[in-house]
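Listed here are the chains, written in short residue letters.
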Amino acid sequence: MKIISGGVCAASGFTAGSLRCGIKDSRPTDDTALIVSECECAAAAVYTMNRVKAAPIYITMEHLENGVARAIIANAGNANACAPDGIVNARRMAAAAAKRLGIDENDVVVASTGVIGQRLNIECIEQNLPTIELAADGSDKAAHAIMTTDTCAKSVAVEFTIGGKTCRLGGICKGSGMIHPNMGTMLCFITTDCAISDDLLADALQNVVRKTFNRISVDGDTSTNDTCVVLANGKAGNPLIDWQDENYDVFHRALTEVMTRLARMIAADGEGATKLITCTVAHARTEETAERLAKAVCASSLVKAAMFGADANWGRVLCAMGYSKAPFRPEYVTVAFESGAGTITVCDKGAGIDFDEELAKTILSESEVTIAIDVAEGDAAATAWGCDLTYDYVRINGDYRT
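Residues numbered from 1 in each chain as written. Predicted model: local features only at pLDDT ≥ 70, side-chain atom pairs only at ≥ 80, totals over all residues. Heavy atoms only, no water.

I'm lost on the packing of aromatic side chains in this one. Help?
The description of two aromatic rings rests on the distance between their centres and on the angle between their planes. Under the counting rule described, the total for this entry stands at one aromatic pair. Ring centres 5.3 Å apart and planes at 90° place the aromatic pair phenylalanine 308 and tyrosine 391 in the edge-to-face group. A residue pair is termed long-range when its members are at least 10 positions apart, and phenylalanine 308 in helix H8 (residues 301-308) and tyrosine 391 in helix H11 (residues 391-398) qualify at 83 residues. (Phe/Tyr/Trp six-rings, centres within 6.5 Å; stacked < 30°, edge-to-face > 60°. Helix = DSSP H or I, 4+ residues; strand = E, 2+ residues; numbered from the N terminus.)

Here it is in structure tokens:
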């Protein structure tokens, strides 16, 4: 497996593009993206676990009941959540894409992101979408068009071999704020030319989401619009994956690689963030225990604030572990901070030890920091990702709507 360029257009048979429809007057850049396959695709999706769901999610759920899709349309600037005419406008959005592409509107996935509670200006999308240009190198344009408070576009693709055939899988995503491990507040679109059944595609997606997007946290808020969609058009010509055999394992590893990298990009680009925080928990009783502990630490506002200040306040780490409801013995715990500047142990067997505060500050001042926890109770492990909590987070969200 190797990393390649191309994002959602890396796989054979996919094109993408974007344009500015004018959904939000204050946004001067493109706000609508379109991704399309030249043929029908097996399709699967995972959605927010928030009880309040945006209208596009209900339309996408309906359209993917048969496990088939061919195109994705997504807009930024308006979430079409809790909005007047939400369902009607989501349907009109799918219809506009279908008309532009000459396909059935039931084969269109719909996604939106932006402000909640305001009517989507569907008329501007219907008016401008016919002029959108699609290209085999259009992934970057689509990735930029779905950004909201993101500071950078997020894209990755890989190449791998199944049954002697070269397959490609790539994705783009957006996410910066309103992100918490409950699907991860984000939009993510993944395409592949690998031939795989819709049932196994859904199985792989569900499994990988749990270990990637469900293990990131920026601010503890789960959005109304989270959507992760995978389209597989089979253009690579590999033997159809319809059984959990070694070919499925290869595909699963490729999907994991792409989604892990995208998850890390989202965590690193948290609103106002200055550093990516990785929390690893080793030697736990079960993977679920390790996951709960790692997620609690990454989600802790106090831990995040300490990371922003490069303060080796390891007591906040144990505190977060303690309210995670995961079973562990505090008196067995070791905590270390790691980065490109070195490693320092700050807690051993649940108690403080003498350590070099200046070295700790140097280690925590790097742009990527790892909180390494060993609970010394078993063989299971898990990793979660987050970011620091800065003054800029409040500045960005204090007037997000206005």
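Having seen the structure, we can now continue with the description.
Sorry if this is basic, but what is going on with the side chain of aspartate 31 here?
With respect to the helices, strands and loops of the structure, aspartate 31 is situated in the loop between strand E2 (14-19) and strand E3 (32-47). A distance of 3.0 Å separates a polar atom in the side chain of aspartate 31 from a polar atom in the side chain of threonine 32. Not counting the four nearest positions on each side in its chain, aspartate 31 is found in contact with Leu19, Arg20, Cys21, Gly22, Ile23, Lys24, Ala74, Asn75, Ala76 and Ala145. (Polar contact = N/O pair within 3.5 Å; in protein donor to acceptor, adjacent residues only side chain to side chain. Contact = heavy atoms within 4.5 Å.)

Sorry, what's going on with the sheet that holds strand E15 (residues 368-374) here?
Where strands meet in a sheet, backbone hydrogen bonds hold them as pairs that are either parallel or antiparallel. The strand order across the open sheet formed by seven strands is E9-E16-E11-E15-E12-E13-E14, and the pairing between neighbours is mixed. Of all strands in the sheet, those bounded by a partner on one side alone are strand E9 (216-217) and strand E14 (351-352). Here strand E11 (residues 276-284) runs beside strand E16 (residues 380-387); their pairing, made up of seven bridges, is antiparallel. Looking at E16, one finds that alanine 284 is bridged to alanine 380. Set on the sheet, helix H6 (residues 246-268) makes contact with E9, E11, E15 and E16; between it and E16 the angle comes to about 40°. (Pairing = 2+ DSSP bridges. Axes fitted to C-alpha atoms, helices over the stretch in contact; angles between N-to-C directions.)

Sorry if this is basic, but what is going on with the pairing of strand E7 (residues 165-174) here?
With seven of its 10 residues buried, E7 lies for the most part within the structure. Bridge count between strand E6 (residues 154-162) and E7: nine bridges; the pairing is antiparallel. The residue of E7 that forms the bridge with phenylalanine 160 is cysteine 167. The hairpin turn running from E6 into E7, its antiparallel successor, is two residues long, and glycine 163 in that turn takes a positive phi close to 55°. (Buried < 20%, exposed > 50% of the residue type's maximum accessible area, 1.4 Å probe, protein only.)

Please explain the environment of serine 37 as it appears in this structure.
Mapped onto the elements of the fold, serine 37 is located in strand E3. Note: C-alpha distance between serine 37 and threonine 192 (155 residues apart in sequence) is 9.8 Å. The contacts of serine 37, once residues within four sequence positions are left out, are Gly13, Phe14, Arg70 and Asn233. A polar contact of 3.4 Å, which involves the side chain of serine 37, links it to the side chain of asparagine 233.

Before we go on, may I ask you to explain H8 in this structure?
Residue pairs three or four apart in sequence face the same way in an α-helix, which turns once every 3.6 residues. Listing the buried residues of H8 in full gives Val303, Lys304, Ala306 and Met307. Across the axial projection of H8, the buried residues extend over an arc of 160°, all falling on one side. Positive phi shows up at alanine 310, right after H8, with a value of about 55°. (Arc of directions from axis to C-beta.)

Help me out: how do you make sense of the nonpolar core in this one?
Side chains of a nonpolar character, in soluble globular proteins, are inclined to be buried together. Among the nonpolar cores identified, the biggest contains 41 residues, and Phe160, Phe213, Phe251, Leu255 and Met259 are the most heavily contacted of them. At the level of elements, E3, E6, E7, strand E8 (187-192), helix H5 (198-211), strand E10 (227-232) and H6 are the ones that each hand at least two residues to this core. Here the element with the most residues in this core is H6; it accounts for 11 residues. Ignoring any residue separated from it by four or fewer positions in sequence, one finds phenylalanine 251 in contact with Phe160, Ile162, Leu169, Thr192, Cys194, Ile196, Leu201, Ala204 and Ile241. Counting 36 residues, the second largest nonpolar core, distinct from the first, contains Ala290, Cys298, Ala320 and Met321. (Core = buried A, V, L, I, M, F, W, Y, C linked by side-chain atoms within 4.5 Å.)

Would you mind showing me how to read the side chain of serine 112 here?
Inspection of the secondary structure assignment puts serine 112 in strand E5 (residues 108-115). Note on serine 112: relative accessible area 1%, which makes it buried. There is a polar contact of 2.5 Å between the side chain of serine 112 and the side chain of asparagine 75. The residues touching serine 112, leaving out its near neighbours within four places in the chain, are Pro56, Asn75, Asn78, Ala79, Asn80, Met93, Leu187 and Asn225.

Where do I start with a nonpolar patch on the surface in this structure?
On the surface, a nonpolar cluster with roughly 240 Å² of combined accessible area is contributed by Tyr58, Met61 and Ile87. Following the sequence through the fold, methionine 61 ends up in helix H1 (residues 55-63). (Patch = residues over 30% accessible without salt bridge, like charges linked within 9 Å, V, L, I, M, F, W, Y side chains within 5 Å. Areas by Shrake-Rupley, 256 points an atom, 1.4 Å probe, with all protein chains shown as cover. Salt bridge = Lys/Arg side-chain N within 4 Å of Asp/Glu carboxyl O.)

Just checking my understanding: could you explain unusual backbone geometry for this structure?
Outside of glycine, negative phi angles account for most residues, and trans bonds account for most peptide bonds. We note that lysine 325 has phi near 70°; this positive angle belongs to a residue other than glycine. Position of lysine 325 relative to the elements: it lies in the loop between helix H9 (315-322) and strand E12 (334-339). Overall, lysine 325 belongs to the exposed group, its relative accessible area being 73%. At lysine 349, a position not held by glycine, the phi torsion is positive, near 55°. Within the secondary structure, lysine 349 sits in the loop between strand E13 (342-348) and E14.

Which parts of the structure should I look at to understand the packing of H1 against helix H2 (residues 86-101)?
Helix packing for two helices is described by the angle between their axes and how far apart those axes are. Two elements in contact, H1 and H2, have axes separated by 8 Å at closest approach and are oriented at 55°. It follows that H1 is oblique to H2 by the angle criterion. For the pair H1 and H2, the crossing hand works out as right-handed. Packed against H1, whose contacting residues are Ala55, Pro56, Tyr58, Ile59, Glu62 and His63, the element H2 presents Gly86, Ile87, Ala90, Arg91 and Ala94 at the interface. Its residues placed into classes, the contact of H1 with H2 shows seven nonpolar, two polar and two charged. (Parallel < 35°, antiparallel > 145°, perpendicular 65-115°, else oblique. Left-handed = near helix turned anticlockwise from the far one by under 90°. Nonpolar A, V, L, I, M, F, W, Y, C, P; charged D, E, K, R; others polar.)

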